Amino acid sequence: MKKILVIGGGAAGMFAAIAAAENGCEVHLCEKNERLGKKIYITGKGRCNLTNACDMEELFESVCTNRKFLYSAFYGYTNQDVISFFENHGMKTKIERGNRVFPVSDKSADVIDVLRKAMQSAGVKVHLNMQVKEILTEKNETGCKVAGIRLSDGTDMRADAVIVATGGLSYPSTGSTGDGYRFAQECGHTVTECYPSLVPFNTKEAFVKELQGLSLRNVTLSVYDGKKKLYEEFGEMMFTHFGVTGPLVLTASTVVQKKLRQKSLRLIIDLKPALSDEQLDMRLIREFDEGKNKQFKNVIGNLFPSKLTPVMLELSGISPEKKVNEITREERAQLVHLIRHLELTATGLRDYNEAIITKGGISVKEIQPAAMESKLVSNLYFAGEVLDLDAVTGGFNLQIAWSTGYAAGFHAANTI
């Protein structure tokens, strides 16, 4: 019986182990943490957005780096296959806004339970608290092949194939400390430049601290480098003590991060994107007419969340004590512009401790796309975030993990 070792007990690793074991192999999964799926546990704020139920075209469009490389993997194990896998293993799923798929229970622990039971059922032998030090290789007639792994205590484990699914550098507290990059480099692979992605922004303005915890829904966020628009999207975001986060910001980080590491960028928030300037002006006139003898500070609260009102009051340049029936057309136009162009200055990105994924990784030019096998070392496979693959938020990065994990496990088991 073919013996396969999987390094890493995250999404890609567990899925690879299941695929290999169900295809008749003796499979050992080595995880350096005390439990499996640490990163899965915290994804989607503990709810685990396990994939996206969109069509295949959107699935590919949502991949930011090397999407063509994923053609075979995505079609080999689709998002619908993922949903069916969890449903067939007794975990009901639901589809929320943006086609995001979650467990009905809203518990990421249920996702891990399904994977653990599926491994147990397939006969996977799980080794926790097992640190891998290096991958063992040996020369053969065609070049180089995998021989097994060496553990941190010096013990060697021989194997017919090794699958590396160690994750990237994001959330290092979950064990993602870049081990896989080192293993790959020691085997002759190229690792592209890595940096945090799907990560919040730091901003310059002092008033963001006053807005900490405030969520904005149905707004449009645009990111500019001078006059050049780099990104624009509609959705939701949130203020923090250091700047901004939320789906709009995290997705923007994948698009603008190279530029943002070089210089500050302008963030423009349109608080009322559903209204034209004229419609917004009419809304202001209506509010002012209803409270025409009131002071501006007592009327503006009808337009914004309570936390945002003092900030908008200050930024408007209109005296808080001014009666609304004395506000000029020019001042009203100024307010309309502010509502449509609330501006922040993005000064940088947060670090790996707050990044959902790592951008960069093992160069896919050196990996066979259908099998996830190394082109340099036979019987060595890679899966998941350790590869130079990433996508926007919405379950797409986990889909990359499932699809590449399945491809690696299946082909490792079936390659002679």
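Here the structure is shown first, and the text comes after it.
Keep in mind that this is a model prediction, so the values were computed, not measured. (Residues numbered from 1 in each chain as written. Predicted model: local features only at pLDDT ≥ 70, side-chain atom pairs only at ≥ 80, totals over all residues. Heavy atoms only, no water.)

(A) Region of the structure containing the overall build of the chain. Looking only at helices and strands, the chain features 13 helices and 23 strands. Considered along the principal axes of its C-alpha atoms, the chain spans approximately 85 × 45 × 35 Å. Across the chain, every contact between residues at least 6 apart in sequence was considered, and the portion connecting residues at least 24 apart equals 72%. With an accessible surface of roughly 18,200 Å², the chain has 48% of that area assigned to carbon and sulfur atoms. Separation of charge centres in the chain, based on 51 positive and 49 negative side chains, amounts to 2 Å. (Helix = DSSP H or I, 4+ residues; strand = E, 2+ residues; numbered from the N terminus. Contact = heavy atoms within 4.5 Å. Areas by Shrake-Rupley, 256 points an atom, 1.4 Å probe, with all protein chains shown as cover. Lys, Arg positive; Asp, Glu negative; His and termini not counted. Charge placed at Lys NZ, Arg CZ, Asp CG, Glu CD.)

(B) Representation of the environment of Q80 within the structure. Relative to the assigned elements, Q80 resides in helix 5 (residues 79–88). Separated by 66 residues in sequence, Q80 and V146 have C-alpha atoms that sit 33 Å apart.

(C) Layout of the packing of helix 1 (residues 11–22) against helix 6 (residues 108–122). At a closest axis distance of 9 Å, the pairing of helix 1 and helix 6 adopts a crossing angle of 25°. Our classification of the angle between helix 1 and helix 6 gives roughly parallel. The two elements helix 1 and helix 6 meet at a crossing, and its hand is left-handed. Note on element contacts: helix 6 touches helix 1 through L115, A118, M119 and A122, opposite M14, F15, A17, I18, A21 and E22. Along the lines of polarity and charge, the residues of the contact of helix 1 with helix 6 split into 9 nonpolar, no polar and 1 charged. (Axes fitted to C-alpha atoms, helices over the stretch in contact; angles between N-to-C directions. Parallel < 35°, antiparallel > 145°, perpendicular 65-115°, else oblique. Left-handed = near helix turned anticlockwise from the far one by under 90°. Nonpolar A, V, L, I, M, F, W, Y, C, P; charged D, E, K, R; others polar.)

(D) Spotlight on the sheet that holds strand 9 (residues 143–151). Spatially, 8-9-10 is the arrangement adopted by the 3 strands of the open sheet, whose pairing is antiparallel. Each edge of the open sheet carries a strand with a single partner, namely strand 8 (132–140) and strand 10 (156–158). Each strand axis lies, on average, 35° off the axis of its neighbour in the sheet, ignoring direction. Summarising the sheet, strand 9 and strand 10 pair through 3 bridges and their orientation is antiparallel. Across the sheet, R150 pairs through a bridge with D156, a residue of strand 10. (Pairing = 2+ DSSP bridges.)

(E) Molecular detail of the environment of G213. Its place among the elements puts G213 in the loop between strand 13 (201–203) and strand 14 (215–225). Placed 26 residues apart in sequence, G213 and F239 show a C-alpha to C-alpha distance of 5.6 Å.

(F) Main features of the pattern of salt bridges. Counted by the stated rule, this structure contains 29 salt bridges. For D156, the salt bridge identified is with R150, shortest N-O distance 2.6 Å. Among the salt bridges present, the one from D281 reaches R332, with a minimum N-O distance of 2.6 Å. With D281 in helix 9 (residues 277–290) and R332 in helix 12 (residues 329–340), this residue pair connects regions lying 51 residues apart in the sequence. Accessibility assignment for this pair places D281 and R332 in one class, buried. One continuous salt-bridge network, built from bridges that share partners, spans R47, K94, E96 and D106. (Salt bridge = Lys/Arg side-chain N within 4 Å of Asp/Glu carboxyl O. Buried < 20%, exposed > 50% of the residue type's maximum accessible area, 1.4 Å probe, protein only.)

(G) Examining the packing of helix 1 against helix 13 (residues 396–414) more closely. Here helix 1 crosses helix 13 at 35°, and the two axes come no closer than 7 Å. As helix 1 runs across helix 13, the sense of the crossing is right-handed. Where helix 1 approaches helix 13, its residues A11, A12, F15, A16, A19 and A20 are matched on the opposing element by L398, A401, W402, G405, Y406, G409, F410 and A413. Within the contact of helix 1 with helix 13, the residues separate by chemical class into 12 nonpolar, 2 polar and no charged.

(H) View of unusual backbone geometry. Of note in the backbone geometry, L198 takes a positive phi value of approximately 50° without being a glycine. Tracing the chain through its elements places L198 in the loop between strand 12 (195–197) and strand 13. For L198, a relative accessible area of 1% translates into the label buried. Here M372, not a glycine, exhibits a phi torsion of approximately 65°, which is positive. Structurally, M372 is set in the loop between strand 20 (367–368) and strand 21 (373–374).

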